Structures are given as C-alpha cells and as structure tokens.
Amino acid sequence: MLSKLYQASWNVNRVITELIRSKEITSSFIEKWRGWLEEAVKDPDMLWSADVPDEHVRELFAKNLIVHNIYERDPWFWIDEPPQKRDLNLGIGKHIAWQTLLHREAVRRTNSATVMLLE
C-alpha cells in the first residue's frame, strides 16, 4: 500500500478508488452483503460469528480484503511485531482484520455510495 500511495502522489482517495476497482467492490457485491459489511466495517470479528455465511467470508478473503485466523500472534510467526490483539480503530479484531485501513475504507465508501444511490 505504501508503494501505491507513493505512486498516487499520496492521494488517498485515488488509491481507494483503485482498490474499489481492482478488488471488484461493486454495488452488487455490496447489495448482496450489505448488513454484514456494515457491521464488519465497525468490528471485523463479527465475521467470525457462526451466523455469518461462510460464502461471505470466503469472498472477502478471496478479494484479499481481510485476513482471518490471525489467532497465532507468537512473535516467531512474524517478521516484525505481531499484530495487536484487538484495535477496532485500526480494523483489527481478535480473529479477523482488514487487510489495511484503506481496504476497510474502500468497502465503507462503496457501501455508503450504494446507499445514497438507492435513496
């Protein structure tokens, strides 16, 4: 992401727009998973719930929007420091985290834009 930000002259909006395109975060994707995505933007661990369809989590993972099964935070698993146990401001849950804050923001913005279009 740092490279993408640099290439975009640090224009965060441009990088988020490119993420929306490249990850195919389409209005149909948002419509299909709207309720789950609204909650996951607030707390990614809600995706760990048995109530969430496996298909949804697999699709988010396939689009490389989330990292899941991050329960192993032993230092020897990580090149640098292990991720924090939980930090919702950074989009990090105990079991699931957004790939980056930019990924979470891309989903949030697409969801918001789709809601506005429907109103």
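Residues numbered from 1 in each chain as written. Predicted model: local features only at pLDDT ≥ 70, side-chain atom pairs only at ≥ 80, totals over all residues. Heavy atoms only, no water.

### Here we look at the pattern of salt bridges
The tally for this structure, following the rule as stated, stands at 7 salt bridges. We note a salt bridge from R86 to D43, for which the minimum N-O separation is 2.9 Å. Separated by 43 residues along the polypeptide, R86 in the loop between β1 (66-68) and β2 (96-98) and D43 in the loop between α3 (27-42) and α4 (54-62) bring together distant segments of the chain. A relative accessible area of 40% means that R86 is categorised as partly exposed. Of the charged contacts in the structure, one is a salt bridge between R108 and E105, with a shortest N-O distance of 2.4 Å. Here R108 and its partner E105 are both found in helix α5 (residues 101-118), 3 residues apart, which amounts to about one turn of the helix. For R108, a relative accessible area of 36% corresponds to the partly exposed category. Overlapping salt bridges, with partners in common, bring together D43, D45 and R86 in one network. (Salt bridge = Lys/Arg side-chain N within 4 Å of Asp/Glu carboxyl O. Helix = DSSP H or I, 4+ residues; strand = E, 2+ residues; numbered from the N terminus. Buried < 20%, exposed > 50% of the residue type's maximum accessible area, 1.4 Å probe, protein only.)

### Thoughts on a nonpolar patch on the surface
There is a patch of nonpolar side chains on the surface, built from L2, Y6 and W10 and spanning about 420 Å² of accessible area. Mapped onto the fold, L2 is located in helix α1 (residues 2-7). A relative accessible area of 62% places L2 in the exposed class. (Patch = residues over 30% accessible without salt bridge, like charges linked within 9 Å, V, L, I, M, F, W, Y side chains within 5 Å. Areas by Shrake-Rupley, 256 points an atom, 1.4 Å probe, with all protein chains shown as cover.)

### Looking at the packing of α3 against α4
Packed helices, taken two at a time, are described by the angle their axes make and the gap between the axes. Here α3 crosses α4 at 110°, and the two axes come no closer than 11 Å. Classified by the angle their axes make, α3 and α4 are roughly perpendicular. Between α3, through F29, K32, W33, W36 and L37, and α4, the contact on the second element is made entirely by E55, H56, E59 and L60. Residue composition of the contact of α3 with α4, grouped by class: 5 nonpolar, 1 polar and 3 charged. (Axes fitted to C-alpha atoms, helices over the stretch in contact; angles between N-to-C directions. Parallel < 35°, antiparallel > 145°, perpendicular 65-115°, else oblique. Contact = heavy atoms within 4.5 Å. Nonpolar A, V, L, I, M, F, W, Y, C, P; charged D, E, K, R; others polar.)

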